[in-house]
Amino acid sequence: MTTLVDRTVAALRANHNTLAALVPTLSEEALSNPSGATEWSIAQVLSHLGSGAEIGLKPLATATGDHVEGEDNQAVWARWNASSPADQAADFVKHDEAYLDTIEALTAEQRESLMVDLGFLPEPVPLVVALGMRLSEVANHAWDVRVGVDPSATVDPASAELLIELLRGPLAFLLGLFAKADTVEREVRMAIPDGALHIADTVTVTDSVDRPTATFEGPAEAVVRLLSGRLRADHVTGVTVTGNVTLDELRKVFPGY
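Residues numbered from 1 in each chain as written. Predicted model: local features only at pLDDT ≥ 70, side-chain atom pairs only at ≥ 80, totals over all residues. Heavy atoms only, no water.

What follows is about the packing of aromatic side chains. Within this structure, the stated rule accounts for 0 aromatic pairs. A cation over a ring is seen here: R134 above Y99, with NZ or CZ 5.3 Å from the ring centre. (Phe/Tyr/Trp six-rings, centres within 6.5 Å; stacked < 30°, edge-to-face > 60°. Lys NZ or Arg CZ within 6 Å of the ring centre and 35° of its normal.)

Below you can see the structure in the form of structure tokens.
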């Protein structure tokens, strides 16, 4: 039986393979071009993902009982920031591969039972939460990289559908961290692909909605880009929002990261 963890691992691998195939085709000039992340070049996005993989490997290994030596986060970021664009890109592939090798080697029992102390949350979290948070970073930042090369790029569709499912369940708390529900002064119950988005005192993603007040027409990947602040005016082809909320208002609820 394929579990939610198994599907998340597979989605992480798919995004890695796409970027690993793209990186060798990018010149130094291309790596320095703007990405979909408004303040970062393509190489800087890859550096962010690579340093995240390096930092994220230690708590995973610790959860399995292994000891991994490592620098503190500030030292890791400083080292990556000092690297050339070409090295940032190549090192992303290397460190993300090491991260994936570790999670792909986990047994079925470990995938079900491991608790991971990420260091920045109040307590250790189930493996599915740790990997789901990594997928949220990877899928959206993979789009940042790819859209810097191809303006028609989309978030990996399978990853998008999985992220919506995760936000309905183990990643629901993330909406409380980055969504700003108080920017809309009315209740919104919006139908979206594979579920609904409810904006009231808080923001939640649910399986369905009774008497929707709004409708989001577009693919699941566009919903994921909305939630991560990436559904900008130059990347909304095929998307419409009708009802008691506008797309501009939704962008204020989800300013992104």
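Picking up after the structure, the text goes on.
On the secondary structure map, Q88 appears in helix 5 (residues 85-104). Within the structure, Q88 has its side chain in polar contact with the backbone oxygen of W80 (distance 3.0 Å). Non-local contacts of Q88, meaning those with residues more than four positions away in its chain, are made with A43, Q44, L46, S47, W80, N81 and S83. (Helix = DSSP H or I, 4+ residues; strand = E, 2+ residues; numbered from the N terminus. Polar contact = N/O pair within 3.5 Å; in protein donor to acceptor, adjacent residues only side chain to side chain. Contact = heavy atoms within 4.5 Å.)

This brings us to the packing of helix 1 (residues 4-22) against helix 5. It is the contact of helix 1 with helix 5, at a shortest axis distance of 11 Å, that shows an interaxial angle of 160°. Comparing their axes, helix 5 and helix 1 come out roughly antiparallel. Note on packing geometry: the crossing formed by helix 1 with helix 5 is left-handed. In this structure, helix 1 uses V9, L12, R13, H16, L19 and A20 to contact helix 5, whose residues at the interface are F92, V93, D96, E97, Y99, L100, D101, I103 and E104. Looking at the contact of helix 1 with helix 5, its residues break down into 9 nonpolar, 1 polar and 5 charged. (Axes fitted to C-alpha atoms, helices over the stretch in contact; angles between N-to-C directions. Parallel < 35°, antiparallel > 145°, perpendicular 65-115°, else oblique. Left-handed = near helix turned anticlockwise from the far one by under 90°. Nonpolar A, V, L, I, M, F, W, Y, C, P; charged D, E, K, R; others polar.)

The next subject is the pattern of salt bridges. A complete count under the given rule lists 14 salt bridges for this structure. Measuring nitrogen to oxygen at the nearest pair gives 2.4 Å for the salt bridge that ties E71 to R79. Given the relative accessible area of 42%, E71 is considered partly exposed. Residue classification places R79 among the partly exposed positions, given a relative accessible area of 34%. Its salt-bridge partner being E187, residue R189 comes within 3.4 Å of it at the nearest N-O pair. One salt-bridge network, in which partners are shared between bridges, spans R13, E97, D101 and E104. (Salt bridge = Lys/Arg side-chain N within 4 Å of Asp/Glu carboxyl O. Buried < 20%, exposed > 50% of the residue type's maximum accessible area, 1.4 Å probe, protein only.)

Judged by how many residues are buried, strand 4 (residues 195-199) sits mostly within the fold: 4 of 5 residues are covered. Summarising the sheet, strand 3 (residues 188-192) and strand 4 pair through 5 bridges and their orientation is antiparallel. Each bridged residue has a counterpart across the sheet, and for R189 the counterpart in strand 4 is H198. In this structure, the hairpin formed by strand 3 and strand 4 is closed by a connection of 2 residues, where D194 is found at a positive phi of approximately 65°. As paired strands, strand 4 and strand 5 (residues 203-206) are joined by 4 bridges and run antiparallel to one another. Counted as the bridge partner of H198 is T204 from strand 5. Hairpin connection between strand 4 and strand 5: a loop of 3 residues separates the two successive antiparallel strands. (Pairing = 2+ DSSP bridges.)

What follows deals with unusual backbone geometry. You will see that D194, though not glycine, has its phi angle at about 65°, which is positive. Counting through the fold element by element, D194 comes out in the loop between strand 3 and strand 4. With relative accessibility at 43%, the residue D194 sits in the partly exposed group. With phi around 50°, R211 is a residue other than glycine that occupies positive phi space.

What follows is about the sheet that holds strand 4. In any sheet, the strands associate via hydrogen bonds between backbone groups, in a parallel or an antiparallel arrangement. Spatial strand order, 5-4-3-6-7: 5 strands in an open sheet with mixed pairing. Strands with a single pairing partner mark the edges of an open sheet, and in this sheet they are strand 5 and strand 7 (240-243). Strand-to-strand twist across the sheet, computed as the mean angle between neighbouring axes with direction ignored, equals 20°. Strands in contact with helix 10 (residues 220-227) are strand 3, strand 4 and strand 6 (214-217); relative to strand 6, the strand with the most contacts, it is inclined by about 115°.

Once that is clear, we can look at the nonpolar core. If you look at the biggest cluster of nonpolar residues, it comprises 79 residues, and the most contacted ones within it are L46, I103, M190, L197, V203, F216 and F254. Per-element tally for this core: the top contributor is helix 7 (residues 127-147), with 13 residues. In this structure, V203 is in contact with L175, A179, A181, L197, H198, V253 and F254, ignoring residues within four places of it in sequence. (Core = buried A, V, L, I, M, F, W, Y, C linked by side-chain atoms within 4.5 Å.)

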